[in-house]
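Remarks on the overall topology
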Amino acid sequence: MASTVLDSVLFRDSFGTPAMRAIFDDHELIRKYVEVEVALAKAEARCGVIPQDAAKEIAEKCNADTLDFDLLRHETEIVGYPILPLVHQISKQAGASGGYVHWGATTQDIMDTAVVLQIRDAFDLIDADIRELRVILAGLAQRYRDTPMAGRTHLQQALPITFGYKAAIWLDMFDRHAERLEQARPRVLVGEFAGAAGTLASLGDKGLAVQKAMMEELGLGVPASTWHVARDGFAEAVNLLGVITGSLGKIAYDVMLLAANEFGELYEPFVKGRGASSTMPQKRNPISSELMLACAKGVRQHAGLMLDAMVQDLERATGPWHAEWIAIPESFVLAAGALHQAKFMLDGLIVDENAMARNLDMTKGLIVAEAVMMGLAPYIGRQDAHDVVYDACRVVNEKGGRLADVLNAMPGVSSRLDPQLIERLTDPANYLGMAPQMVDQVLAKSAGRH
């Protein structure tokens, strides 16, 4: 039976995706180990370190799918690492050439490079999800470019915005994440082959040539220096997932707040039974948003763990390396789960424009008090305008009514300004600032990245 939400039959597709789990499952990891060992043999043959026939036999006969996994597990528990037990088995598979398997390598070379291969595959999935999400967000920004709603600061109504403006801010974040992912690839997707203490001493003067040839075989970057204890690449990868899921958490939080009955402006897509309560039939809980937020919190914890794991001792670590084995797979699975939930939720997001308009009018014009003050200033001076609007707002707060009516009843205002001007100034739809134009800017910039 599974013991965590990542592999639970009940929860695994809520917190992850089958495609991402497949990249990080045991069988795929072991295939990557074998792929790296084969690439090493081919590289060494190219450089004249081992016979060509030996490399050919290793490539043809070493097969991760026919290994004895029970034996591999048992020996890994004894040794503490899986590579020596793996080499025992694939050396036998390679027959007469088995003595050339793992020539000059150290366990961490194989394990680190295999993880880089996993991260490369995982980056491709994350990149595809972000591309799809950006299309969805661009559609929301375009469709609701001019849809007024209350902008809120400190959870209080502040000034009018548009929902398209909010969606454009979300989109702009993911445009930057796409850029970050692209920029991270050459730094992170670098292989490791350096030998016991990182100096390639066991290969004499052929070490760097073999290293370069091996990375060519795998399609990875060639390291300028050994990174056995320089873990910034892996830390960057997981912390990139941290900022990506952090943005997803922000979106989720917005949607959850605006889906509250007291707001009623946004709703997750309706699927019969989704978000239902076992005791309250009226409930429609924002399940995707809740999962996105939970995944973001999980990745954030692992991002911190990866930063801690960077503090390694001397030339080979005595424990921090092992922490990466926990953080990297789980972070990618959780990030994929959060992105999956985000695509589903945002692609079917229900936007209640009437509720947005109703809430925008809730304060009877107070939300645009700044607009009224700035509109009055040319006629009565800025300070007097501030004082007049401040007094009018106090009347509305204490006695009710519309800000426009209170202002029109004030002699100092009605004697100088047309009532229609007051109506225009107190209409929130007339005080959107550059919000629609900012939407246009984001959409143009985003389209340029596709």
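Here the structure is a predicted model, which is why all the values come from computation and not from measurement.

A word on unusual backbone geometry
One non-glycine residue, H154, lies in positive phi territory at about 55°. Its location among the elements puts H154 in the loop between strand 1 (148-153) and strand 2 (156-162). Phi is positive for L155, which is not a glycine, with a value near 65°. The topology assignment puts L155 in the loop between strand 1 and strand 2. Note on L155: relative accessible area 63%, which makes it exposed.

Re the packing of helix 10 (residues 232-258) against helix 11 (residues 287-309)
The geometry of helix 10 relative to helix 11 is characterised by a closest axis approach of 8 Å and an angle of 155° between their N-to-C directions. In this view, helix 10 runs roughly antiparallel relative to helix 11, as classed from their interaxial angle. Our pair here, helix 10 against helix 11, has a crossing hand that is left-handed. Counted by class, the contact of helix 10 with helix 11 contains 16 nonpolar, 7 polar and 1 charged residues.

A word on the packing of helix 3 (residues 26-46) against helix 9 (residues 207-218)
In contact at an axis separation of 8 Å, helix 3 and helix 9 are set at 130° when each is read in the N-to-C sense. Between helix 3 and helix 9, the crossing angle belongs to the class labelled oblique. Crossing handedness for the pair helix 3 and helix 9: right-handed. Touching E35, V36, A39, L40, K42, A43, E44 and R46 of helix 3 are V210, A213, M214, E216, E217 and L218, all from helix 9. In terms of residue class, the contact of helix 3 with helix 9 is built from 8 nonpolar, no polar and 6 charged.

Side note on the packing of aromatic side chains
Throughout the structure, instances matching the rule amount to 9 aromatic pairs. Ring centres of Y81 and W321 lie 5.7 Å apart, and the angle between their planes is 25°; on these two criteria the pair is classed as stacked. You can see Y81 sitting in the loop between helix 5 (69-79) and helix 6 (83-93) and its partner W321 sitting in helix 12 (residues 320-347), a full 240 residues away along the chain. On the basis of an interplanar angle of 80° and a centroid distance of 5.1 Å, the ring pair of W321 and W325 is categorised as edge-to-face. Here W321 pairs with W325, and both are found in helix 12, just 4 residues apart, close to one helical turn. On the accessibility criterion, W325 (33% relative accessible area) is partly exposed. Put simply, the rings of F24, F123 and F332 touch in pairs and so form one group of aromatic residues.

Cut-offs used in this document
Residues numbered from 1 in each chain as written. Predicted model: local features only at pLDDT ≥ 70, side-chain atom pairs only at ≥ 80, totals over all residues. Heavy atoms only, no water. Helix = DSSP H or I, 4+ residues; strand = E, 2+ residues; numbered from the N terminus. Buried < 20%, exposed > 50% of the residue type's maximum accessible area, 1.4 Å probe, protein only. Axes fitted to C-alpha atoms, helices over the stretch in contact; angles between N-to-C directions. Parallel < 35°, antiparallel > 145°, perpendicular 65-115°, else oblique. Left-handed = near helix turned anticlockwise from the far one by under 90°. Nonpolar A, V, L, I, M, F, W, Y, C, P; charged D, E, K, R; others polar. Contact = heavy atoms within 4.5 Å. Phe/Tyr/Trp six-rings, centres within 6.5 Å; stacked < 30°, edge-to-face > 60°.

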